[in-house]
Amino acid sequence: MNFRAIATIYHAEMARTGRTLMQSVLAPVISTSLYFVVFGAAIGSRIEEIDGVGYGAFIVPGLVMMMILMQSVSNAAIGIYFPKFTGTVYEILSAPVSAFEIVIGYVGAAATKSLILGVLVLATAAFFVPLEVQHPFAMLAFLVLTSVTFSLFGFIIGIWADNFEQLNIVPMLIVTPLTFLGGSFYSISVLPPFWQTVTLFNPVVYLISGFRWSFYGVSDVDVGISLVAILGFFLACLAIAWWMFRTGYRLKN
Amino acid sequence: MSSIISISGLSKTYQGGFTALKSVDLEIGKGEIFALLGPNGAGKTTMIGIICGLVTPTTGTVTVDGHDILRDFRQTRSRIGLVPQEMSIDMFGSVKAAVSFSRGLFGKAPDPAYVEQVLKDLSLWDKKDSEIRALSGGMKRRVMIAKALAHEPDILFLDEPTAGVDVELRQSMWQVIGRLRERGVTIILTTHYIEEAEQMADRVGVINKGEIVVVEETGALMHKMGQKRLTLQLAEPLTALPEALKADGLELAADGCALHFDYDTQAERTGITTLLARLNEAGLSVRDLETSQSSLEEIFVGLVGGKA
Ligand SMILES: Nc1ncnc2c1ncn2[C@@H]1O[C@H](COP(=O)(O)OP(=O)(O)OP(=O)(O)O)[C@@H](O)[C@H]1O
Ligand SMILES: [Mg+2]
């Protein structure tokens with residue numbers, strides 16, 4: 001293993017985040033916090049409790065997940081797309097590093113950033129709504145697993161994308177709708193039975209449900225199933241990334 | 001001379017079906033400066049890309065210092081530094097950070113003294129803390145060279161190092177290359193210009209349409225390529241070439257207004273002096289004169305044609 005190369009990529013990516021602190025840290029924290037203010041504190045007081053949890057508190061895990069998903073995907077996608085776009089990727093490809101090492105460097109940095117954001121948003125949320133965390137370790141595990149998995153997913157999008165439009169299309173057209181419909185704002189038990197079944201095909205449901213369980217001990221689907229679902233998605237992404245590097249897909253001619 | 005890069009049967013067909021390299025065999029000697037000379041689209045960048053890991057070969061093998069470029073890519077790539085043809089450099093961050101990044105990426109422990117030396121060699125030391133986007137184009141190119149040298153490679157690829165570079169920078173680049181050669185670094189550079197190959201290289205490989213046409217010691221090749229044409233514009237048109245002037249390589253232009261004289265720059269005697277003396281004797285006055293070298297393309301045609 002070329003650990004030094006991994007560390008070098010990781011640090012360069014973190015430095016990139018550091019250079020754009022406003023856009024990459026402050027913006028997502030503020031925009032997510034606006035949801036707490038509007039839906040939690042303002043409108044939330046007029047909405048009845050769900051599963052015994054006040055509405056303001058109920059939506060926090062879903063919102064954190066939504067933010068982490070979006071940030072992981074877009075940050076990791078840009079991280080590898082940009083060098084590809086500007087041509088500087090030649091240096092990575094000509095270096096004595098394996099595909100695996102490149103993935104660890106880029107995805108590790110994107111996931112770290114998502115984790116930091118997640119913690120910041122949770123801390124901000126605690127100002128606006130009463131939060132309790134029943135299973136802190138499970139919460140952390142979901143946070144880490146989601147950050148890593150969706151950073152990996154974003155990395156794949158970044159390699160696949162040929163232009164900026166494609167780069168944005170997956171986060172906008174797939175990730176956002178799936179998170180909105182994934183039970184961020186409601187328990188899927190309020191849906192008619194048919195739509196409940198349809199919803200179970202949405203992978204984000206499992207993430208949000210599991211994450212919310214780690215806070216309040218209530219969930220739409222079994223926590224074990226949630227874990228298996230996200231692990232499965234992680235392995236699928238890993239396999240795709242491995243295949244991409246092995247074949248040089250959209251990276252080498 | 002033991003060879004450091006061995007290329008055998010290397011070919012590349014791109015996805016669209018275009019064959020950019022056709023079964024190339026080539027040996028690069030340890031410590032030499034090798035110039036790869038060829039017109040646009042000849043396959044120079046493709047060949048370099050394969051050796052450095054940017055392009056996957058279709059058939060054939062390449063070994064670097066005895067290691068296969070695909071199987072032992074860590075071994076081969078850690079020995080190679082690449083300065084690509086296109087300007088591709090991250091515009092953000094400082095010069096020093098960019099060079100340190102390259103060193104780390106190649107798995108080398110930080111060595112500020114070495115990095116300092118590289119930057120000084122390339123006259124970049126006083127710009128070490130500048131943002132790269134604030135540098136001039138020539139300086140950015142030098143930063144790319146510094147990045148390629150950051151991990152102390154044994155082999156340096158320079159893909160058209162002098163494209164878009166002014167005379168001064170070109171000179172300092174030659175100096176850097178000269179110093180690297182003294183240290184035993186093998187250098188492979190590509191160029192469109194014969195003079196450039198002549199000035200620097202120990203050996204020259206001419207590539208055309210994906211095939212190596214000739215590989216030769218620079219001196220020997222220059223001899224082959226040394227044909228030049230002297231054109232003399234006459235003050236008064238001639239109807240025929242006077243007897244007294246008749247000589248090898250001299251002919252009258254169709255309109256009678258000019259004389260063309262083909263000569264060999266590498267020959268002991270070019271015959272120019274004699275020609276001018278005879279013109280004088282014959283009482284012909286010359287209005288203007290120019291010399292021209294056969295273009296690279298013409299030379300390729302000549303070389304390829306000569307072989308067929
Ligand atoms: N990615 C690609 N896909 C398809 N064809 C390509 C690709 N890259 C290069 N080619 C073709 O392969 C041929 C060789 O290209 P290459 O870049 O190796 O030439 P070169 O000798 O470096 O030329 P130049 O002097 O212009 O840099 C060209 O005809 C080019 O169009
Ligand atoms: Mg080229």
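See the structure above.
Residues numbered from 1 in each chain as written. Chains lettered and ligands numbered in written order. Predicted model: local features only at pLDDT ≥ 70, side-chain atom pairs only at ≥ 80, totals over all residues. Heavy atoms only, no water.

(A) Spatial organisation of the overall build of chain B. The number of helices and strands found in chain B is ten helices and 14 strands. Referenced to the eigenvectors of the C-alpha coordinate spread, the extents of chain B come out at roughly 75 × 45 × 40 Å. Put simply, chain B has 308 residues, and 48% of those count as buried. Pairs at least 24 apart in sequence give 69% of the contacts found in chain B among residues at least 6 apart. Carbon and sulfur atoms make up 49% of the accessible area of chain B, which amounts to about 14500 Å² in all. Mean positive and mean negative side-chain charge positions of chain B (33 and 41 charges, respectively) differ by 7 Å. (Helix = DSSP H or I, 4+ residues; strand = E, 2+ residues; numbered from the N terminus. Buried < 20%, exposed > 50% of the residue type's maximum accessible area, 1.4 Å probe, protein only. Contact = heavy atoms within 4.5 Å. Areas by Shrake-Rupley, 256 points an atom, 1.4 Å probe, with all protein chains shown as cover. Lys, Arg positive; Asp, Glu negative; His and termini not counted. Charge placed at Lys NZ, Arg CZ, Asp CG, Glu CD.)

(B) Representation of the interface of chain A and chain B within the structure. Between chain A and chain B, the residue contacts involve 22 residues of the former and 29 residues of the latter. Summing both partners gives a buried area of about 2300 Å² for chain A against chain B, and 60% of it is carried by carbon and sulfur. At the junction of chain A and chain B, the tally comes to two salt bridges. Inspection of the chain A/chain B interface yields seven residue pairs in polar contact (both at pLDDT 80 or more). Among the secondary structure elements, those contributing two or more residues to the side of chain A that touches chain B are α1 (3-19) and α4 (89-93) of chain A. Per-element accounting of the side of chain A that touches chain B gives the leading share, six residues, to α1(A). (Buried area = accessible area lost by both parts, 1.4 Å probe. Salt bridge = Lys/Arg side-chain N within 4 Å of Asp/Glu carboxyl O. Polar contact = N/O pair within 3.5 Å; in protein donor to acceptor, adjacent residues only side chain to side chain.)

(C) Quick peek at the site of ligand 1. Around ligand 1, a shell composed of 15 residues is seen, among which Asn40(B), Lys44(B), Thr45(B), Thr46(B) and His192(B) lie nearest. Near ligand 1, the surrounding residues are drawn from chains A and B. Here an oxygen atom of ligand 1 and a backbone polar atom of Gly43(B) are 2.9 Å apart. Side-chain polar atom of Glu160(B) to an oxygen atom of ligand 1: 3.4 Å apart, as the coordinates give it. In isolation ligand 1 offers 630 Å² of accessible surface; the protein chains occlude 68% of this area. The element best represented in the shell around ligand 1 is helix α1 (residues 44-52) of chain B, accounting for three residues. For the shell around ligand 1, the residue count by class is five nonpolar, eight polar and two charged. (Near = heavy atom within 4 Å. Nonpolar A, V, L, I, M, F, W, Y, C, P; charged D, E, K, R; others polar.)

(D) The coordination of the magnesium ion (ligand 2), seen in detail. Residues and elements named next belong to chain B. Around the magnesium ion (ligand 2), the protein contributes the donor atoms Thr45 (OG1) and Gln85 (OE1), at 1.9 to 2.2 Å from the metal centre. Of this pair, threonine 45 sits in helix α1 while glutamine 85 sits in the loop between β6 (80-83) and α3 (95-105), and the two are 40 residues apart along the sequence. A residue is classified by how much of its surface remains accessible, and threonine 45, at 37% relative accessible area, is partly exposed. (Donors = N, O, S within 2.8 Å, 3.2 Å for Na, K, Ca; no water.)

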